[in-house]
Amino acid sequence: MKLLTYEINNAQKLGILINDTVVDIETLGFKSNETFPKTMLDLIDAGFEEVAKIQHILDSSSENVIASSSLPLSEVIVLAPIPKPRKNIIGIGLNYTEHVAESARTLDTSNELPQKPVIFSKPPTTVTATNTEILHNPKLTQQLDWEVELAVVISKKGKYVPKEDAMDYVFGYTVINDVSARDCRRAGQWIVSKGQDTFAPMGPVLVTKDEIENPHNLNLSLTVNGVEKQNSNTKFMLFNINELIEDLSTVFTLEAGDIIATGTPAGVGAGRNPQEWMWNGDVVEATVEGIGTIRNTVKEI
């Protein structure tokens, strides 16, 4: 199921994306004498039984019921799947071999492959949707960079999760552009670099895990002004999703709705010769196979 959070008539709604049509979950429930969750976080909390129930209603509804519960995608404003996460996004740094190498060449990171996942975080205020602006404050940074990433959304509370059971704790997947201000790292700390407002474009949808046969074999790519900058595959992660969940849940408790940005491959601006950065008016598009593309424009403030 491709789930999305959207806005229409100043109201935030939860829907299912089918081709270019949005089925409103609340309306579908009303017409079927059911009460369904109204937000993505509420649906995640309700669990896969609720998702299955919604799917059953969708499959068994008449064409008239579905049509009267639907509207064209072009008529809604697509928001981030989780517009305001309850907690910071969990970021994973240096999780692709070639990105480790390019970072070591141009940034103050080690050229040794990490022996444990490198963990940072991005505040909820970094989240923005597709077709919105990435805000660039030139007084803070002159090195605004891009990073396409597969993001994992957690389904339930987990502590000390063995990697063999990790997929039981995954609700689904989305796309994140882990926007980074390379000249804002402070004594090795990354949150100023990673945590500025709008530095986590996310979406366009949240795809439930049953729709993705193998999250460790997904193409991911990114373009700036139509020019390809990144193109790789999640099979090249140093630490796969199972290993990340095991490690993270050892450090702290994972909870329903938590978001893990699993790292970016090579091709970032900082790793290029000469280095490249995003500037006012640049259009950046980040794509992950099976999920979709988020498109954002840089705006100087």
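Before going into details, it helps to say that this report is about the structure given with it. (Residues numbered from 1 in each chain as written. Predicted model: local features only at pLDDT ≥ 70, side-chain atom pairs only at ≥ 80, totals over all residues. Heavy atoms only, no water.)

Before going further, it helps to examine the overall build of the protein. Along the protein, the regular secondary structure elements total 7 helices and 19 strands. Compactness check: the protein gives a C-alpha radius of gyration of 19 Å against a globular reference of 19 Å for 301 residues, within 12% of the reference. Seen along its three principal axes, the alpha-carbon backbone of the protein occupies a region of about 60 × 45 × 30 Å. Each of the 301 residues in the protein was classed as buried or not, and the buried ones make up 53%. In the protein, of all internal contacts separated by at least 6 residues, the share reaching a separation of at least 24 is 76%. A total accessible area of about 13,300 Å² is found for the protein, and carbon and sulfur atoms account for 47% of it. One finds the centroid of the 26 positive side-chain charges in the protein at a distance of 5 Å from the centroid of its 40 negative side-chain charges. (Helix = DSSP H or I, 4+ residues; strand = E, 2+ residues; numbered from the N terminus. Rg over C-alpha atoms; globule rule 2.2 N^0.38 Å. Buried < 20%, exposed > 50% of the residue type's maximum accessible area, 1.4 Å probe, protein only. Contact = heavy atoms within 4.5 Å. Areas by Shrake-Rupley, 256 points an atom, 1.4 Å probe, with all protein chains shown as cover. Lys, Arg positive; Asp, Glu negative; His and termini not counted. Charge placed at Lys NZ, Arg CZ, Asp CG, Glu CD.)

Moving on: the pattern of salt bridges. Going through the model one piece at a time under the given rule, you end up with 15 salt bridges. For K299, the salt bridge goes to E133, with nearest N and O atoms at 3.9 Å. In this pair, K299 is assigned in strand β19 (residues 292-300) and E133 in strand β9 (residues 132-136), connecting sequence segments 166 residues apart. The class of K299 is partly exposed, set by a relative accessible area of 37%. (Salt bridge = Lys/Arg side-chain N within 4 Å of Asp/Glu carboxyl O.)

The next point concerns the nonpolar core. A general tendency of soluble globular proteins is for nonpolar side chains to be buried together. Residues L150, Y173, I245, I260, V288 and I291 are the most contacted members of the largest nonpolar core, which totals 49 residues. Formed by 30 residues, the second largest nonpolar core is a distinct cluster that contains L41, I44, A151 and F171. (Core = buried A, V, L, I, M, F, W, Y, C linked by side-chain atoms within 4.5 Å.)

Positionally, E50 belongs in helix α3 (residues 48-60). Buried within the structure, E50 lacks any salt-bridge partner; its nearest side chain of opposite charge belongs to K53, at an N-O separation of 4.9 Å. Residues contacting E50, with those up to four places away along its chain left out, are T35, F36, P37 and L43.

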